[in-house]
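# Architecture at a glance
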Amino acid sequence: MTPEALQAARVERWTRTKPAARSAHGIVTSQHYAASEAGLAVLSEGGNAVDAAVTTAFTLQTAEPWMSGLGACGYMLVGEPDGQVETIEFTGRLPAVIDANTYPPDPSGALFFNGNAISRDHNNIRGFPAAAIPGCVRGFDQALTRYGTISFARALTPALERAKAGMTVDWHTTLAIALAEQNIRKDPGMSSVFLPNGTIPQPGQILAMPALAATLERLVEHGADEFYRGQIATDLVADLQAGGNGITKGDLRNYAPLTYPSVTSMCGGYQLHTAGHTSAGARLHETITQFTNRHGDGPVSPEFFTAMGHSIAAGFEDAVKPAVPADFDTKGSTTQINAVDAQGRFVSITFTLFNRFGACALSPRTGIILNNGMAWFDARAGRTTSMLPNAYAHSNMCPAIITKDDAPVMAVGASGANMIVPAVAQFIALHLCANLDVEEAAHRPRLHLGPEGKMSVDADMMPAEIAALERHWRLTPAQTTVMPRPFGSPSMIGKDANGFVGIPDTSYPAAYAAAYLNGSS
């Protein structure tokens, strides 16, 4: 690769870094400072990492609503201080009855960017028919009941207060709305919130969220069952069915998150824990196993990244896990949260609306932005991800926890669709195998290799590293930018001699690691 090609990829001329948070008392990381600070407040009141992580997750819907919200789905890993790691899976689920006439493959044979067939009228991509049953409200409630110390109402309080006040727009919000403007305009509910007066909001404007605030208030008063069995369920189903979605009150009532021991493999002297088969965990386990066998411990070098590239490629092989269309998804909009408390309890959450603003449809009675989880499924019969009654979605989400000597030492995860596993694998290897500090590992230029075999490299990687990779792959140079995102967006909390160290994704403007220091933030 010529120096001219690398220089051409450097489209920005500024230095971007994120400070690490260091504390022996607790840390919360997320993609928005307001959410991290909400979680930190819970820690300061005596709550644990589960309490803080759930509070952070709920708060994000009023800070980056294009990524997550009450309509989202995902996974949560909890690493207890004794080293036991469990998964709460709250992925999107299909209803018990699916009307084939709503989702026939488009006659043109068009495919979504993840490889699934697009339904006629894009019914599995946009609008009310595209929504799958959302799981995060039930999943987070179960997490608090099983591991937490605070009430469900307390976890929702910061989100409720922010929804009542309205969302203040910053430049990143303006960008996110502008990117989805065409689809937002198609839905009256979305337009009323995100295109006030019919225009893209500018930084400093406040977006009113009265319907969402009312829903959050009902949840605070009545609890999570209100979402699946109460008035919220009634209102949400009425809006879904009016928009052409077949989800019933029975489907909501019967939704249950899955709780099970984590899937575990060895990573040198450490144990890697992930969620189960619907996640990208199998690919991460294989990637890390391959890297341990090919390279193992040692400094960052051309050989380090060459071994990583081959390991990522092996992780995407069908022998590891039959490929599903989500493996080819590079455009999902997802969010990542990590937390740790003074007792050494680690939490990692990855959850999503799937695409930016999900289905780009807002339930007018509830103010909830709907996911477009039907796009995780194929409109064609006979596929691994065909639309089957009550099926849970497969995705690229892959929160992970690392343990050693019967104690958690690291929580990690990423957003970025099929860029998640490569990003998380490199973060783990840079920190545990190359022995880089958490902060240094986060800022180290990386590569991305997808299942199609195309490799992108950060233009700021060392020339010798790029030259070594070029002997094995055809490379595309790129720069880590806010938009577009050529690499995954990982974040992590680890340990050092003085306590815990956390770092958010370095490419998200508002991402923040909040530390609980000596009884104060």
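Up top is the structure.
Being a predicted model, the structure only gives us computed values, none of them experimental. (Residues numbered from 1 in each chain as written. Predicted model: local features only at pLDDT ≥ 70, side-chain atom pairs only at ≥ 80, totals over all residues. Heavy atoms only, no water.)

## Looking at the overall build of the protein chain
Filter applied, for reference: Secondary structure elements follow DSSP: runs of H or I no shorter than four residues count as helices, runs of E no shorter than two count as strands, and numbering proceeds from the N terminus. To get the radius of gyration, use the C-alpha atoms; to get the globule rule, take the number of residues to the power 0.38 and multiply by 2.2 Å. Note on exposure labels: buried denotes an accessible area under 20% of the residue type's maximum, exposed denotes more than 50%, and partly exposed covers the range between, all computed with a 1.4 Å probe on protein chains only. Per-residue and other accessible areas were derived by the Shrake-Rupley procedure at a 1.4 Å probe size, with only the shown protein chains allowed to occlude residues.
Scanning the protein chain for helices and strands turns up 17 helices and 19 strands. Since a compact globule built from 521 residues should have a radius of gyration of about 24 Å, the 22 Å found for the protein chain is in line with a globular shape. Considering only C-alpha atoms, the protein chain reaches an extent of 60 × 60 × 45 Å along its principal axes. Put simply, the protein chain has 521 residues, and 62% of those count as buried. When the accessible surface of the protein chain is summed, it comes to about 18,500 Å², and 51% of that surface belongs to carbon and sulfur atoms.

## As for the pairing of strand β11 (residues 346-354)
The following threshold applies: Pairs of strands are assigned from DSSP output, requiring at least two bridges between the strands.
A large share of β11 lies buried, amounting to 9 of its 9 residues. Burial of β11 is two-sided: the residues F346, S348, T350, T352 and F354 facing one way and the residues V347, I349, F351 and L353 facing the other way are all buried. Looking at chain direction, strand β3 (residues 73-79) and β11 are connected through 7 bridges and run antiparallel. Bridged to G79 within β11 is F346.

## Description of the sheet that holds strand β9 (residues 270-274)
As a reminder of what qualifies: Comment: axis = line fitted to C-alpha atoms, over the contacting stretch for helices; angle = value between 0 and 180 degrees taken between N-to-C directions. Between two residues, a contact is recorded if the distance between any of their heavy atoms is within 4.5 Å.
Taken together, the 7 strands give an open sheet; going across it, the order is β1-β18-β17-β13-β12-β9-β8, and neighbouring strands pair in antiparallel fashion. Across the chains shown, the open sheet's two edge strands, defined by having one partner strand only, are β1 (21-23) and β8 (263-267). Neighbour-to-neighbour, the strand axes of this sheet turn through a mean angle of 20°, independent of strand direction. Sheet topology places strand β17 (residues 489-496) next to strand β18 (residues 499-503); 5 bridges connect them, and they run antiparallel. In the strand pairing of β18, I493 is matched with G502. Along the sheet, helix α15 (residues 420-433) contacts β8, β9, β12 (400-403), β13 (408-415), β17 and β18; its crossing angle with β13, the most-contacted strand, is approximately 150°.

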